[in-house]
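Spelled out from the first residue to the last, the chains are:
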Amino acid sequence: MTSQEFNILVGKLRPRLVHFANGFVKGGAATAEDMVQDAVIKLWRSNELQEIRNPEALTVQILRNVCLDYLKLKKNNMDALNPNFRIYTEADPSAVLESKDEMCNVNGYLAQLPEDQMLAIRLRDIMGYEMDEIAKILGTSEGNVRTLLSRARQKLREKLMSKWKQ
């Protein structure tokens, strides 16, 4: 594959790749673009570039690994839970306000958790990762991930219950 063919391929794939990376970071286009750029560079440096039958699939796989590395370094923040960016379907303004208030509370409670518990909750309950994937990202065992999730959920439950009792 020539550099011109590679540039055409990357130009076609870039919007999908940026959208995919945005699902991991939610923090802005710059970070997602950086991840896509890293993935494209890794693809270009691949020794088997001529032998690749489906460069799109390989690029997405490389980008997924770059994004998981980003999460593993614990640089991801809680912007995905920002209630100001949520779309609410309720017609009642007071219900919307209550939902935003609840999201702010949950966001604050998540931020108070130890970092490993917060990441476990985010990866499992918000992003939908499986236990084995979370264990790989956090560099621990599946049993420890279950413990982290259990403790984090218990702390959140206690904080929410004390808030509702007020």
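Here, every reference points to the structure presented above.
Computed from a predicted model, the values in this text were never measured in an experiment. (Residues numbered from 1 in each chain as written. Predicted model: local features only at pLDDT ≥ 70, side-chain atom pairs only at ≥ 80, totals over all residues. Heavy atoms only, no water.)

Colleague: Hey, could you run me through the overall build of the chain in this one?
Modeller: A count of helices and strands for the chain gives 7 helices and 0 strands. Tracing the chain from N to C terminus, the helices and strands come up as α-α-α-α-α-α-α. When each of the 166 residues of the chain is scored for burial, the buried share is 34%. Taking the contacts inside the chain whose residues are at least 6 apart along the sequence as the reference set, 59% of them involve residues at least 24 apart. Accessible area of the chain: about 10400 Å², with a carbon and sulfur share of 50%. (Helix = DSSP H or I, 4+ residues; strand = E, 2+ residues; numbered from the N terminus. Buried < 20%, exposed > 50% of the residue type's maximum accessible area, 1.4 Å probe, protein only. Contact = heavy atoms within 4.5 Å. Areas by Shrake-Rupley, 256 points an atom, 1.4 Å probe, with all protein chains shown as cover.)

Colleague: Could you clarify how one ought to interpret the pattern of salt bridges in this entry?
Modeller: It is possible for side chains bearing opposite charge to pair when their charged atoms get close. Scanning the model with the defined rule gives 4 salt bridges in all. A salt bridge links Arg124 to Glu130; its shortest N-O distance comes to 3.7 Å. Judged by its relative accessible area of 45%, Glu130 falls in the partly exposed class. (Salt bridge = Lys/Arg side-chain N within 4 Å of Asp/Glu carboxyl O.)

Colleague: Looking at this structure, I do not really get the packing of helix H5 (residues 115–126) against helix H6 (residues 131–138). What am I missing?
Modeller: With their axes 10 Å apart at the nearest point, H5 and H6 run at an angle of 145° to one another. Our pair here, H5 against H6, has a crossing hand that is right-handed. On H6, the residues touching Asp116, Leu119, Ala120, Leu123 and Arg124 of H5 are Met131, Ile134, Ile137 and Leu138. Residue composition of the contact of H5 with H6, by class: 7 nonpolar, no polar and 2 charged. (Axes fitted to C-alpha atoms, helices over the stretch in contact; angles between N-to-C directions. Left-handed = near helix turned anticlockwise from the far one by under 90°. Nonpolar A, V, L, I, M, F, W, Y, C, P; charged D, E, K, R; others polar.)

Colleague: What's the story with the environment of Ile62 in this structure? I'm lost.
Modeller: Along the chain, the position of Ile62 falls in helix H3 (residues 55–72). With relative accessibility at 15%, the residue Ile62 sits in the buried group.

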